[in-house]
Amino acid sequence: MTTATTKPHTLSRSMSRKEQVKAYMKKETREFFGLDDTSEANQRQRWQEKRKRLASRKYGQLKDQPNTTHHTQSFTSDFHALQELQEGLGGGLPDSIDGASLPQPPHRGKDSVAKMTWDGLSFVVSTVAKRRAKSQISGTAGGRSKSRSYAPSSMSVADDVFDEPDVSPTTTATTTTTTTAATMRPTPPVDHYTMESLSDEVFFDSKVAGSPDAVTGTASYDSSKEVGGARYHPSVQEWQRPAVQVSDSVDASGRSSAHIGRSRIWNRILDSCFDNSDRRQYGRGIMGRIFRRTFKESVKKDKDVKKQLDEMNDYRPYFTWWVTTVQVFILLLSIMCYGLAPQGFTLKQQSGQVLMASLSIQTVDYWEPSNFWIGPRAADLIHLGAKFAPCMRKDEKIFRHVEEQRRAERETGCCIRNDDSGCVQSSRRECSECNYRVLEKLTVPVVSEVNIEEAAEHTRLSVWKKWSELAKGPDGRLSGSVCGQDPNYCKEPASVPPHEWPDDITRWPICRKRIAAVKKIHAAEHMACEVIGHPCCIGIHGECRITTREYCNFVRGYFHEEATLCSQVSCLNNVCGMIPFHNPDVPDQFYRLWTSLFIHAGVLHLLISVVLQYYLMRDVEKLAGPVRIGVIYIVSGIAGNLASAIFVPYRAEVGPSGSQFGLLACVFVEFINSWQMMRNPWRVLAKLVVMTLTFFLVGLLPWVDNYAHIFGFIFGFLLSYALLPFVSFGPYDKRRKVLLIWVCLVAVVVMLTALIILFYVTPIYECKICEYLNCIPLTRDFCAEQNINFNKKLDII
């Protein structure tokens, strides 16, 4: 007696949630880079098929290669093979067919929601219409007729249909064929049956042993009467049509169309079930049918592409659709909100008469750059989020200019008009200009500038109030006075210990709530007068002037009515817009490296981007997927904008220049790895080189940056070799691919870190030679500064 030895059952420890997440992340990462051992062969095969489709669409004809790697059959070939199999079965399918013997069609996606809804409604309408037609013919509710697919047991049939054949030995051999044909012949549908036998019926009719019908083989229609060719059944109490003599007609499929009951399903019914010719074609939905969108004729004629049209498993270009939609929406929104800048290639002069702080109307002229792209002004694009280095870091050159303005503001005082028309914060010379203009109308002899000042004081048109050692202000202050603001007349914030206002007007806060001043009492004229001038931020470099609202609106500045001094506002914060600086003196909008990718200088600029993204980015994303293309697009664009901010910091740039050259580098990488399958690779290489040089020439125009092009191409080239699976230098090898991924990713991180250090730690402020790579001055004003100038020959920066 032998005893069976059983292997002891070992319990496997279940993975924790943390281990499951780690295992899932590792598997997905390996599949993302094409390094998973379990699915590498399948992924590589699919990648090769998608690469062929991309090459045939973008590069031209491919070499004639034997289809040795094509493992899966197309659906068209499978369907024709199924039809041949059905036709070869001799007019019918067997009762059971092995599923493995039939070619299975590939897995297909569902039809569109609109098509399924339309099919459902069509089915409901057709069903209701058929039932109405049947009810009108049969006269019964719902159109239910008394016919059956299988005849009842009491049906009147011919005697020779179910008669047992003669099985004597002498006639067996001669009647075998006749017997088989007789037993396999189905009975025609007949509507004559009685109600008594319904309870004894089963799905398949059979004769009961010992019954009279079994013995005689006749049907029980004795109680019925035939009158005029029709038969009346007393049990049913209704007249029925006479039996129709059915002929054995044969249709085109070789099956008897009359024999319905007890027969196999017709081939034409099976054909309609297996037919998938009306399936939704790839790339053609409802809108595609309306606009009759189809594939290119050159692609249809390609043999390799024809075999793969039914295996469209490419990625959907979701990232391309999203980026393009956002870019179009932002440009439309910017034009609606800010309007259009003057079009052209030169500086446009703007002239008008406005009310100045001296309460006199003067003619003001300034020049602003044009925008030949048909879009907003430079200041508006910066406000929207264009790449502009002074908004991303503390620019020493601009803040040196701001400090000079603050030093000059410490020496200002309140200029009060004697005719009670108002007051304005100004220097002594600016306050005396109104007196100079009055003296021009007098006949007083003028000898020198000292005489002019003495005569101006004699006229007493305005008084300049400034605290000094001889005439100190409240609490012994020397800095001031300020029109409309005083520590002793402000409730919020109050100047009380330990939060006393310093004796420096450039450090005074804005008084949000003040005490009402009594006019001309206690020598506080600067608090009793009406302030007619407030800070106005002009241009893109943060220049501030105390002026009127009319003047500020004319020069398209930012007017601060709540403030009295330029030191109380951050003009650069107004110019940059978006999220305010955490520290007003330290710009921190580093996110402009990303936001500028979605902004365009105008309609023509956007048109170029849309065409390029539709021509290159859409097809490349179908191959690589939205995640890989999204990473290449964003990182290449950020790196290109960062390099542009380093070499040309004072020029605002917009558009995905670096991202587009990153995509162009990705196309180069795919083309290099598809070199062997191309029929004319040198011709394709020449086309790509010409395209690259063309866009490089476009980078010499204003608002388009060649530094973004160069560095975007470099980063896109490295990221393509790192992220795209099954691409490498030379023959593909898994270990070589892993090494290539690490080298490319480390190079990207090192280069990006170097650019960040160069931008923030050791910035470049002056590089005249660098500007010629970005814009060639074909005319005097072609590469003019983007800031507005009040003197055409004088630049603020």
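The model shown is predicted, which means the values in this text are computed figures rather than measured ones. (Residues numbered from 1 in each chain as written. Predicted model: local features only at pLDDT ≥ 70, side-chain atom pairs only at ≥ 80, totals over all residues. Heavy atoms only, no water.)

Visitor: Which parts of the structure should I look at to understand the sheet that holds strand β7 (residues 423–426)?
Guide: Neighbouring strands of a sheet are bound in pairs by backbone hydrogen bonds; such pairs are parallel or else antiparallel. The strand order across the open sheet built from three strands is β7-β6-β8, with neighbouring strands paired in antiparallel fashion. The sheet is open, and its two edges are formed by β7 and β8 (462–465), each paired on a single side. Across the sheet, the axes of successive neighbouring strands diverge by a mean angle of 25 degrees, strand direction being ignored. Across four bridges, strand β6 (residues 413–417) lies against β8 in antiparallel orientation. Bridge assignment links R417 to a residue of β8, and that residue is S462. (Pairing = 2+ DSSP bridges. Helix = DSSP H or I, 4+ residues; strand = E, 2+ residues; numbered from the N terminus. Axes fitted to C-alpha atoms, helices over the stretch in contact; angles between N-to-C directions.)

Visitor: I keep staring at the pattern of salt bridges and nothing clicks. Help me out?
Guide: Where charged atoms from two side chains of opposite charge approach closely, those side chains can pair. Applying the stated criterion to the full structure yields 14 salt bridges. Among the salt bridges present, the one from D36 reaches K27, with a minimum N-O distance of 3.3 Å. Judged by relative accessible area, which is 4%, D36 ranks as buried. We note a salt bridge from K472 to E469, for which the minimum N-O separation is 4.0 Å. Connected through shared salt-bridge partners, K27, R30, E31 and D36 make up one network. (Salt bridge = Lys/Arg side-chain N within 4 Å of Asp/Glu carboxyl O. Buried < 20%, exposed > 50% of the residue type's maximum accessible area, 1.4 Å probe, protein only.)

Visitor: Looking at this structure, how should I read the pairing of β7?
Guide: Looking along a regular strand, one sees the side chains alternate between the two faces of the sheet. What you see with β7 is no split at all: C423 and Q425 on one side and V424 and S426 on the other are buried throughout. Both β6 and β7 contribute to a ladder of four bridges, which runs antiparallel. Each residue of the ladder has a partner; that of C414, found in β7, is Q425. A loop of five residues connects β6 with β7, the two strands running antiparallel in sequence, and D420 in this loop sits at a positive phi of about 55 degrees.

Visitor: What's the story with a nonpolar patch on the surface in this structure? I'm lost.
Guide: Taken together, the side chains of F590, I756, I757, Y760 and V761 present a nonpolar region at the surface, about 500 Å² in accessible area. Mapped onto the secondary structure, F590 falls in the loop between α18 (571–576) and α19 (592–595). (Patch = residues over 30% accessible without salt bridge, like charges linked within 9 Å, V, L, I, M, F, W, Y side chains within 5 Å. Areas by Shrake-Rupley, 256 points an atom, 1.4 Å probe, with all protein chains shown as cover.)

Visitor: I tried to follow the side chain of Q425 on my own but got confused; where do I start?
Guide: Mapped onto the elements, Q425 comes out in strand β7. Separated by 3.1 Å, the side chains of Q425 and T412 make a polar contact. In terms of polar contacts, Q425 uses its side chain to reach the backbone carbonyl oxygen of G413, at 3.5 Å. The contacts of Q425, once residues within four sequence positions are left out, are T412, G413, C414, S481, V482, C483, I505, I546, T564 and L565. (Polar contact = N/O pair within 3.5 Å; in protein donor to acceptor, adjacent residues only side chain to side chain. Contact = heavy atoms within 4.5 Å.)

Visitor: Please clarify how the sheet that holds strand β12 (residues 543–547) should be interpreted in this entry.
Guide: The three strands lie next to each other as β12-β11-β13, forming an open sheet whose pairing is antiparallel. Where the open sheet ends on each side, the last strands, each with one partner, are β12 and β13 (558–559). Here strand β11 (residues 534–538) pairs with β12 via five bridges, running antiparallel. Within β12, the position partnered with C537 by the bridge is C544.

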